Amino acid sequence: MRKRNESVTVEHERATTAPAPLDEGCSLRHSLRLPAADTGMKRPLGRRYGLWFRLRKLIIWLLGVYIAIPFLVKLCPAIQAKLVFLNFVRVPYFIDLKRPQDQGLNHTCNYYLQPEEDVTIGVWHTVPAALWKNARGKDQLWFEDALGSSHPVILYLHGNAGTRGGDHRVELYKVLSSLGYHVVTFDYRGWGDSIGSPSERGMTYDALHVFDWIKARSGDNPVYIWGHSLGTGVATNLVRRLCERETPPDALILESPFTNIREEARSHPFSIYRYFPGFDWFFLDPITTSGIKFANDENVKYISCSLLILHAEDDPVVPFHLGKKLYNIAATSRSFRDYKVQFVPFHTDLGYRHKYIYRSPELPRILR
């Protein structure tokens, strides 16, 4: 009995212990197979999850920046002023403003004038094409004396960004010179190689100083003021002041004008915040706080000289309807009752946009 029990016990132990290697083998095989299958499934899932996590993180970061910018502008109005002037954008780069001949202006002289202490502005004077041969190799004194010749003078006030050497500006000087005009243009304080800090008051004073400098040398020759884009704000500021002191120019030409800087900022197609809650409070009020108004719509009510407005229907920077609105204000103003007010639109198909009206073959006829 004892032997039988022992044999039964041994057989029972074998029976219970024999499958152990099989289980271990099975477990080993499972441990070798299952993780491989799991890894194959987890890798794409992990990759997708990691990509989505990074994308979500980027979206949250961009959203945070988008929301933070209005508060930053509100706290630092000087930022908004910089965006209005864009005087830090110098295009084209790497040109020497002391050498206008490098831009194809062989009958142009570079001056430097000083409107105020610690302020110096760079000026270009292009003589009429008829004087081109005589102008070669001449000094500043000759060019100043040439303003007294029997040719009308245009004082050109450029818009924001860039310098007096901008490509489209240079092309306009050439066109006006070929039509028999002296063209005097300059960079406001803080633009190009002009020294000083930009402000609406400073820009207007610079323009007044150059106008008086021209009148002191041009005698009885007609002097016209041409403003483009932001320069129209400077131009109406200047002409209003000239009319108030009873020394108006012979005519005012506004190319791509707006009504006032608030409406222009609100209508600007590049403004990604125009539908942002509190847009006026965040963005427009800081402009006013910085002393920037450029109120063309108010200025034209005090201007007494002929007015010509040029505007392209496809202008992407200053919407066409603002130029038309300004014309309607001027046309009904009592100050223009004895003067001609004209609005010349340029059809979308012509493709003149914001700064290529100089290409119009009709421009000589319009100016005459």
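Residues numbered from 1 in each chain as written. Predicted model: local features only at pLDDT ≥ 70, side-chain atom pairs only at ≥ 80, totals over all residues. Heavy atoms only, no water.

The chain has the name Lysophosphatidylserine lipase ABHD12 in an unreviewed UniProt entry, where Hemiprocne comata is given as its organism. Turning to the chain, the UniProt annotation filed under Catalytic activity (unreviewed entry) states: "Hydrolyzes glycerol monoesters of long-chain fatty acids." (UniProt positions renumbered as here; feature names shortened; annotations may be inferred.)

### So, the sheet that holds strand E3 (residues 153-157)
Taken in spatial order, the 8 strands make up an open sheet running E1-E2-E4-E3-E5-E6-E7-E8, and their pairing is mixed. At either end of the open sheet lies a strand with only one pairing partner, and these are strand E1 (108-116) and strand E8 (341-346). This sheet shows a mean twist of 20° between the axes of neighbouring strands, independent of strand direction. Alignment of strand E5 (residues 223-228) against strand E6 (residues 251-255), held across 5 bridges, turns out to be parallel. Within the sheet, the bridge partner assigned to Tyr224 lies in E6 and is Ala251. (Pairing = 2+ DSSP bridges. Helix = DSSP H or I, 4+ residues; strand = E, 2+ residues; numbered from the N terminus. Axes fitted to C-alpha atoms, helices over the stretch in contact; angles between N-to-C directions.)

### Side note on the pattern of salt bridges
For the structure on display, the rule yields 13 salt bridges. Close ionic contact of Arg217 with Glu144 constitutes a salt bridge, the shortest N to O distance being 2.8 Å. A residue pair is termed long-range when its members are at least 10 positions apart, and Arg217 in helix H7 (residues 200-218) and Glu144 in helix H5 (residues 140-146) qualify at 73 residues. The shortest N-O distance in the salt bridge between Arg164 and Asp193 comes to 2.8 Å. Of this pair, Arg164 sits in the loop between E3 and helix H6 (167-178) while Asp193 sits in the loop between strand E4 (182-186) and H7, and the two are 29 residues apart along the sequence. According to the relative accessible area criterion, Arg164 is buried, its value standing at 0%. (Salt bridge = Lys/Arg side-chain N within 4 Å of Asp/Glu carboxyl O. Buried < 20%, exposed > 50% of the residue type's maximum accessible area, 1.4 Å probe, protein only.)

### Observations concerning the packing of aromatic side chains
Each aromatic ring pair is summarised here by two numbers: the centre-to-centre distance and the angle between the ring planes. Here the structure, examined in full by the defined rule, presents 12 aromatic pairs. A ring pair is formed by Tyr93 and Phe94, whose centres lie 6.2 Å apart and whose planes are at 50°; its orientation type is tilted. The pair formed by Tyr93 and Phe94 is uniform in burial state, with each residue classed as exposed. Grouping aromatic residues by their ring pairs yields a cluster made of Phe85, Phe186, Tyr188 and Trp191. The ring of Trp142 carries the charged tip of Lys138 above its face, separated from the ring centre by 5.7 Å. Positioned above the aromatic ring of Tyr302 is the side chain of Arg240, whose terminal nitrogen or guanidinium carbon lies 4.0 Å from the ring centre. (Phe/Tyr/Trp six-rings, centres within 6.5 Å; stacked < 30°, edge-to-face > 60°. Lys NZ or Arg CZ within 6 Å of the ring centre and 35° of its normal.)

### Focus on the side chain of Glu255
With respect to the helices, strands and loops of the structure, Glu255 is situated in strand E6. Buried within the structure, Glu255 lacks any salt-bridge partner; its nearest side chain of opposite charge belongs to Arg169, at an N-O separation of 8.8 Å. Engagement of the side chain of Glu255 in a polar contact is seen with the side chain of Trp226, the distance being 3.0 Å. Non-local contacts of Glu255, meaning those with residues more than four positions away in its chain, are made with Leu172, Trp226, Gly227, His228, Ser229, Thr232, Leu310, His354 and Ile357. (Lys, Arg positive; Asp, Glu negative; His and termini not counted. Polar contact = N/O pair within 3.5 Å; in protein donor to acceptor, adjacent residues only side chain to side chain. Contact = heavy atoms within 4.5 Å.)

### Here's the deal with a nonpolar patch on the surface
A surface patch of nonpolar side chains, about 650 Å² in accessible area, is lined by Trp52, Leu55, Leu58, Ile59, Trp61 and Leu62. Examined against the element boundaries, Trp52 turns out to sit in helix H2 (residues 19-75). For Trp52, a relative accessible area of 46% puts it in the partly exposed group. (Patch = residues over 30% accessible without salt bridge, like charges linked within 9 Å, V, L, I, M, F, W, Y side chains within 5 Å. Areas by Shrake-Rupley, 256 points an atom, 1.4 Å probe, with all protein chains shown as cover.)

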